[in-house]
Amino acid sequence: MTPAARLRGLKPDWLADPKVWRTEVLAGLVVALALIPEAISFSIIAGVDPAIGLFASFTMAVVISIVGGRRAMISAATGAVALVIAPLNREHGLGHLVAAVILAGVFQVVLGVLGVARLMRFIPRSVMVGFVNALAILIFMAQIPEMTDVPWAVYPLIVGGLALMAFFPRITTVVPAPLVSIVILTAVTVGAAIAVPTVGDKGALPSSLPVPGLPDVPFTPETLITIAPYAFAMALVGLMESLMTAKLVDDITDSHSSKTRESIGQGIANIVTGFFGGMGGCAMIGQTMINVKVSGARTRLSTFLAGAFLMVLCVVFGPIVSDIPMAALVAVMVMVSFATFDWHSVAPRTLKRMPLGEITVMVITVACVVATHNLAIGVVAGSITAMVVFAQRVAHLAEVTAVTDPDGTAVVYRVSGELFFASSDDLVSRFDYAGDPEKVVIDLSAAHVWDASSVAALDAVETKYRRRGKTVEITGLNDPSADLHGKLTGELAAGH
């Protein structure tokens with residue numbers, strides 16, 4: 001390979017292909033437009049000035065585009081983070097909030113280094129499906145206030161926006177349909193002087209860029225004690241939403257991303273955001289879906305430009321952006337909601353074939369998310385439910401069969417299956433202590449011992465036989481089971 005060819009191979013996709021470049025630029029612009037009202041709304045939830053949320057969205061998107069692990073994913077100020085830090089701002093002020101954002105970033109970096117991202121593999125598919133469907137429902141529910149108690153003209157504008165996004169791609173896909181919809185609806189409302197709610201009604205846009213600085217708090221142990229619980233909660237919620245979003249984008253794009261790098265990247269982005277006076281954030285699933293699924297973006301350029309365009313739109317084109325009707329952005333988010341929902345998962349044919357436990361996990365995940373408006377709570381509840389369902393399912397897989405020697409001097413119990421806390425509970429009752437001969441052999445060649453509960457159960461069996469003057473021999477342990485049994489046997493008697 002020639003040096004020139006090697007250099008071409010090192011170029012990013014968006015630099016090597018003009019088509020990709022155009023897609024990424026336009027996707028970033030669409031996301032930036034959609035971020036403005038969202039960031040302002042989340043600022044209101046957190047109880048801070050709208051500029052604080054907009055600054056956070058700018059710095060989060062720009063920094064994560066460089067240090068994050070998942071390409072094309074959008075990180076910005078989010079509702080989940082706003083809910084966590086709102087009480088801190090209310091009780092102690094903006095300085096403590098900013099300090100908590102920085103500390104949350106530090107926690108996220110530490111958790112990333114410790115490998116917390118590896119826990120993602122324990123989240124079952126049914127939880128992931130419930131997470132996606134709950135997200136789609138929340139995105140739609142968030143638009144309802146924008147469609148309630150509004151002028152009648154809002155409704156035809158929303159319908160018109162949806163129609164444009166549905167049919168415009170049949171004409172061309174060069175320009176993202178959501179951008180076309182926003183431009184046309186803005187032109188119609190401004191040109192016809194239609195009085196409808198606009199972006200400007202959500203709050204004033206900043207007129208200058210943020211400047212770095214230290215949080216206005218006393219640097220004392222008392223301050224640390226005050227902000228630490230909020231910072232840790234923010235770190236966990238932010239990481240969970242970000243990693244789930246990254247996993248979702250992996251599935252959509254058929255590509256892999258480093259979850260460890262994403263965890264550390266989210267922390268770095270929050271640290272930078274805190275020093276610029278922002279309210280912090282994490283991955284935004286709605287805007288990520290606009291970027292990846294609706295606009296077709298696949299590289300870091302779209303994420304970077306989403307943040308850059310956000311500030312340009314606010315600082316340079318603030319008066320124009322303020323005239324964008326909220327109906328245009330509502331239409332975009334409704335379309336995102338429809339595209340995000342996994343309709344196949346609720347089809348009658350799918351539900352008939354799906355095990356009841358899987359359906360239960362999905363429903364609980366959706367119900368918890370929708371009830372609490374917190375994706376992290378839903379994922380935790382769904383994962384715990386999935387563990388319980390799994391434990392109940394495999395608890396019955398341990399079988400015990402007995403074969404007595406023809407001369408009646410010994411009996412062999414063959415145990416097969418997985419022995420752990422759930423399946424070993426009734427193991428003790430599967431033996432005939434009074435009726436068995438003097439020698440008892442327990443063959444575990446078809447079983448695996450997973451935990452201390454199983455070792456304790458085997459010890460209990462031996463103890464019961466020993467009290468009757470009978471000997472027990474345990475055979476067939478595989479290496480990991482033999483190692484665990486050797487370490488714990490005889491040490492757990494106090495538990496009986």
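Residues numbered from 1 in each chain as written. Predicted model: local features only at pLDDT ≥ 70, side-chain atom pairs only at ≥ 80, totals over all residues. Heavy atoms only, no water.

Undergrad: Looking at this model, I keep getting lost on the pairing of strand β4 (residues 410-419). Mind explaining?
TA: Put simply, side chains in a regular strand alternate between the two faces of the sheet. Relative to β4, strand β3 (residues 399-404) is paired through 6 bridges, and the arrangement is antiparallel. The residue of β4 that forms the bridge with Val400 is Val415. Here β3 folds back onto β4 in antiparallel fashion, the turn holding 5 residues, of which Gly408 has a positive phi close to 75°. For β4 and strand β5 (residues 439-449), the ladder comprises 9 bridges, and the chain directions are parallel. Across the sheet, residue Ala410 finds its bridge partner in β5, namely Lys439. (Pairing = 2+ DSSP bridges. Helix = DSSP H or I, 4+ residues; strand = E, 2+ residues; numbered from the N terminus.)

Undergrad: Teacher, can you tell me more about the sheet that holds β4 here?
TA: The strands making up a sheet associate through hydrogen bonds between their backbones, and the pairing can be parallel or antiparallel. In space, the 4 strands of this open sheet follow the order β3-β4-β5-β6, with mixed pairing throughout. Bordering the open sheet on either side are β3 and β6 (471-475), each of which pairs with just one other strand. On average, adjacent strands in this sheet sit at an angle of 20° to one another, irrespective of strand direction. Alignment of β5 against β6, held across 5 bridges, turns out to be parallel. (Axes fitted to C-alpha atoms, helices over the stretch in contact; angles between N-to-C directions.)

Undergrad: I keep staring at the nonpolar core and nothing clicks. Help me out?
TA: Ile36, Leu54, Phe131, Met279, Ile290 and Leu310 are the most contacted members of the largest nonpolar core, which has 106 residues in total. In terms of residue count, helix α3 (residues 18-46) provides more of this core than any other element does, 12 residues in total. Those residues in contact with Ile36, other than ones at most four positions away along the chain, are Leu54, Val199, Leu205, Leu310, Leu313, Cys314 and Val321. Formed by 21 residues, the second largest nonpolar core is a distinct cluster that contains Ala398, Val400, Leu427 and Tyr433. (Core = buried A, V, L, I, M, F, W, Y, C linked by side-chain atoms within 4.5 Å. Buried < 20%, exposed > 50% of the residue type's maximum accessible area, 1.4 Å probe, protein only. Contact = heavy atoms within 4.5 Å.)

Undergrad: Is there a simple way to explain the packing of aromatic side chains in this structure?
TA: Scanning all chains against the criterion turns up 7 aromatic pairs. Taking the centre distance of 5.5 Å and the plane angle of 90° together, the rings of Phe107 and Phe232 count as edge-to-face. Of the two residues, Phe107 sits in helix α6 (residues 94-113) while Phe232 sits in helix α10 (residues 221-253), which places them 125 residues apart along the sequence. Connected via pairs of aromatic rings, a cluster forms that spans Tyr413, Phe431, Tyr433 and Tyr465. Over the ring of Tyr433 we find Lys464; its NZ or CZ atom is 5.8 Å from the centre of that ring. (Phe/Tyr/Trp six-rings, centres within 6.5 Å; stacked < 30°, edge-to-face > 60°. Lys NZ or Arg CZ within 6 Å of the ring centre and 35° of its normal.)

Undergrad: Looking at this structure, how should I read the pattern of salt bridges?
TA: Charged atoms that come close allow side chains of opposite charge to pair. Summed over all chains, the structure comprises 7 salt bridges. Asp250 is the partner of Arg70 in a salt bridge, and the nearest nitrogen-oxygen pair spans 2.5 Å. Taken as a pair, Arg70 in the loop between α4 (50-67) and β1 (75-76) and Asp250 in helix α10 lie far apart in primary sequence, 180 residues in all. We classify Arg70 as buried; its relative accessible area is 6%. Judged by its relative accessible area of 9%, Asp250 falls in the buried class. The structure contains a network of salt bridges with shared partners spanning Arg70, Asp250 and Lys259. (Salt bridge = Lys/Arg side-chain N within 4 Å of Asp/Glu carboxyl O.)

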